[in-house]
Every structure is written in C-alpha cells, then in structure tokens.
Amino acid sequence: LSEKRDLRQKTQGPWPGEEQDMADIERLRKNLEDRGIRSSYFATAQAAADYLDRQIDGTTVGIGGSMTVKAMGLYPRLSAHNRVVWHWEGGSLEDAAGTEVYLTSANGVAETGELVNIDGTCNRIASSVYGHKRVYFVVGVNKIEPDYDRALWRARNVAAPKNAQRLGRKTPCAVKADRCYDCKSPERICRGLSVIWGRPTPVETMEVVLIGEELGM
C-alpha cells in the first residue's frame, strides 16, 4: 500500500486527505553548502528575479531551455544590462555555451544536495558543468525531493513526460504525460542525464536559487 501511495503522490498528487511533505529547505541548503554549492532562498519568483537582476550585471549570459526562467521574466530584465544569449529568443546554442554566466533550472533537486537534469540536445547538462565561470540554477519548491532516488524519479517520470508533451513529441510518455516508458522513439527527449554531486572544478561559483513557489515542470 505504501508503494502505491508513493506512486500516486508522484503522478496524481497526494491521496485524498493527505498532504505532500513540505520541502526541508534548511537541510537542502546545508547539504548544498557541504558540496561547495551556494544557495539562496526567496519566497516569491519576483524576489528571486530581483536578486538575479542585481547579481548578474555587465556580463555575458547564456540561458538553457527553462520554463522557470521564462515564467520569471529573466530574459528581458537581464538583456537590459547584459548580453544575453538564449536559443528560445533567437540566439545560438554555440554562443550560449561561450558566456561567462549560465542560467538554467533543474528537473529534480534532492534535499541531500544532488542536482538532476535530463536533456535531449544536452546543451543544458554540458553548460551546467563546464565552460562558464558562474552557473545559477533557479528552482521552484515543486522540484525538490527528499533524496537522490526520488529526485531522479521526478526527473524521469514527471518533468520529462510533461516536457515531451509540451514539445508535441510522438512518444509514449507524451500521450498522458504520466511516466517514462524508456522508449526508443526517434523523438525521445531523454538522451542525456547529469547528476551534480558537487561544484565542478572549472566553475568558480555555482548557486541554487530556491523559490517558495511552484515553477516550471
């Protein structure tokens, strides 16, 4: 019964009369710190966007595909005083890979400190670990899970199917956006997996900006 309850919570939300566990933000931040990764927390996306607008100034910025970044309105704000490259706004993936700062989100974040991303083109997972002096992850509370196994589960069975559906892909997971079928479809978007256990050596600063709202997929 407990396994069925856990599966339902991840696919359909909590069982009637139950509440999903609140994320332990302080535990997460302590574990990120122990891994050499900075963190900050803001109650709202607006406050987080204001913070990033102050932190990122007069530099070059690459952005990975992210519904969270889009919802926060970061592209127009940062473009006002930085050179920002985003393929969703006509920029090239190659140019985004050569910027000083990189901005993206995560598909799953474990309170134990691991950052999980799944990618098709793999530009996001490449740029999150190499090629930039500063890397920022913007993460809504809906992306946070208690441990690594559940963060990986979320990335595969929640975030990826929803993204496949959003992109109109002809994959089994996109039909209902319910779970990963580990398909071999030529339109599969799950082609690379990254797990960050600690700040990569070439990255001078890595920061997870945590937001007390549900954002992205």
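These numbers come from a predicted model, not from an experiment.

Conventions adopted
All residue numbers refer to position in the chain's written sequence, counted from 1. Local features in this predicted model are restricted to residues whose pLDDT is 70 or higher, and side-chain atom pairs enter the listing and the counts only when it is 80 or higher, whereas totals over whole chains, interfaces and linings include all residues. Neither water nor hydrogens contribute to the side-chain values; these are computed over all heavy atoms in the structure. Here pLDDT means the predictor's own confidence in every residue, given as a number from 0 to 100. Whether two residues touch is decided by their heavy atoms; if any such pair falls within 4.5 Å, the residues are in contact. Here, a salt bridge means any Lys or Arg side-chain nitrogen found within 4 Å of an Asp or Glu carboxyl oxygen. The secondary structure listing takes helices from DSSP runs of H or I that are at least 4 residues long and strands from runs of E that are at least 2 residues long, numbered from the N terminus. Think of it in three bands: with a 1.4 Å probe and only protein chains considered, a residue is buried below 20% of the maximum accessible area for its type, exposed above 50%, and partly exposed in between. Residues belong to a common nonpolar core when they are buried Ala, Val, Leu, Ile, Met, Phe, Trp, Tyr or Cys residues joined through side-chain atoms within 4.5 Å. Strands pair, by our definition, only if DSSP identifies at least two bridges between them. Throughout, an axis means a line fitted to C-alpha atoms (over the contacting stretch in the case of helices), and angles, computed between N-to-C directions, take values from 0 to 180 degrees. Here the expected span of a helix is defined as 1.5 Å times the quantity of residues minus one. Working definition for bend: take the seven residues up to and ending at a residue and the seven starting at it, fit an axis to each, and measure the angle between the axes. Contacts described as polar in this section are N or O atom pairs within 3.5 Å, which, within protein, must combine one atom able to donate a hydrogen with one able to accept it, while residues neighboring in sequence count only if both atoms come from side chains. Stacked, tilted and edge-to-face are the three classes assigned to paired rings of Phe, Tyr and Trp, where Trp is represented by its six-membered ring and a pair needs centres within 6.5 Å; plane angles under 30 degrees give stacked, over 60 edge-to-face, the rest tilted.

Draft legend 1. Local environment of the confidence of the model for the chain. When pLDDT is averaged along the chain, the result is 91; 90% of the residues meet or exceed 70. Low pLDDT, under 50, characterises residues 1–20; the stretch is placed with 22 contacts to residues that sit more than four places away or in other chains.

Draft legend 2. Expanded view of the pattern of salt bridges. Inspection of every chain in the model, using the stated rule, returns eight salt bridges. Taking the shortest distance from any N to any O, the salt bridge between R27 and E111 comes out at 3.0 Å. With a gap of 84 residues between them, R27 in helix α2 (residues 25–34) and E111 in the loop between β5 (108–110) and β6 (115–119) connect regions that are remote in the sequence. The exposure class of E111 is buried, given its relative accessible area of 7%. Between R77 and D50 there is a salt bridge, and its shortest N-O distance comes to 2.8 Å. Taken together, the residues span a long stretch of sequence, with R77 in helix α5 (residues 74–79) and D50 in helix α3 (residues 45–55) at a distance of 27 residues. According to the relative accessible area criterion, R77 is partly exposed, its value standing at 26%. Salt bridges here are not isolated pairs; linked through shared partners, they connect D50, D53 and R77.

Draft legend 3. Here's a closer look at the nonpolar core. If you look at the biggest cluster of nonpolar residues, it comprises 22 residues, and the most contacted ones within it are L52, M72, L74, L103 and V209. Listing elements by their share of this core, those giving two or more residues are α3, β2 (60–63), α4 (67–72), α5, β3 (83–86), β4 (101–104), β7 (134–140) and β10 (205–211). Of the residues forming this core, the biggest block, five residues, is contributed by α3. In contact with L103, other than residues within four places in its own chain, are L52, G62, I63, G64, V69, L74, L78, Y136 and V138. Among the nonpolar cores identified, the runner-up in size contains 17 residues, and I37, A106, L115 and M206 belong to it.

Draft legend 4. Seen up close, the sheet that holds strand β9 (residues 192–196). Here we have four strands laid out as an open sheet, ordered β8-β5-β6-β9, and mixed in their pairing. This sheet does not close on itself; its edge strands, each paired only once, are β8 (144–145) and β9. Two elements, β5 and β6, share two bridges in a ladder whose sense is antiparallel. Paired with V109 across the strands is L115, a residue of β6. Each of β5, β6, β8 and β9 is contacted by helix α8 (residues 148–166), which is oriented at about 25 degrees to β6, the strand it contacts most.

Draft legend 5. Representation of α8. Spanning 19 residues, α8 covers 26 Å between terminal C-alpha atoms, matching the ideal 27 Å at 1.5 Å per step. At A155, α8 shows its strongest bend, of approximately 30 degrees. Taken residue by residue, α8 has A151, L152, R154, A155, N157, V158, A159, A160, P161, N163 and A164 as its buried positions. For α8, the N-terminal capping position is held by D147, with its side-chain oxygen 3.4 Å away from the main-chain nitrogen of D149.

Draft legend 6. The packing of aromatic side chains, seen in detail. Counted according to the given criterion, the structure contains three aromatic pairs. On the numbers, 4.9 Å between centres and 40 degrees between planes, the contact of F42 with Y51 is tilted. Taking relative accessible area as the criterion, Y51 reaches 13% and is therefore assigned buried. When the centroid spacing of 5.0 Å and the interplanar angle of 20 degrees are considered together, the rings of W86 and W88 count as stacked. Residue classification places W86 among the buried residues on the basis of a relative accessible area of 3%. Residue W88 is classed as partly exposed on the basis of its relative accessible area of 32%. Among the aromatic side chains, those forming a connected cluster through ring pairs are Y75, W86 and W88.

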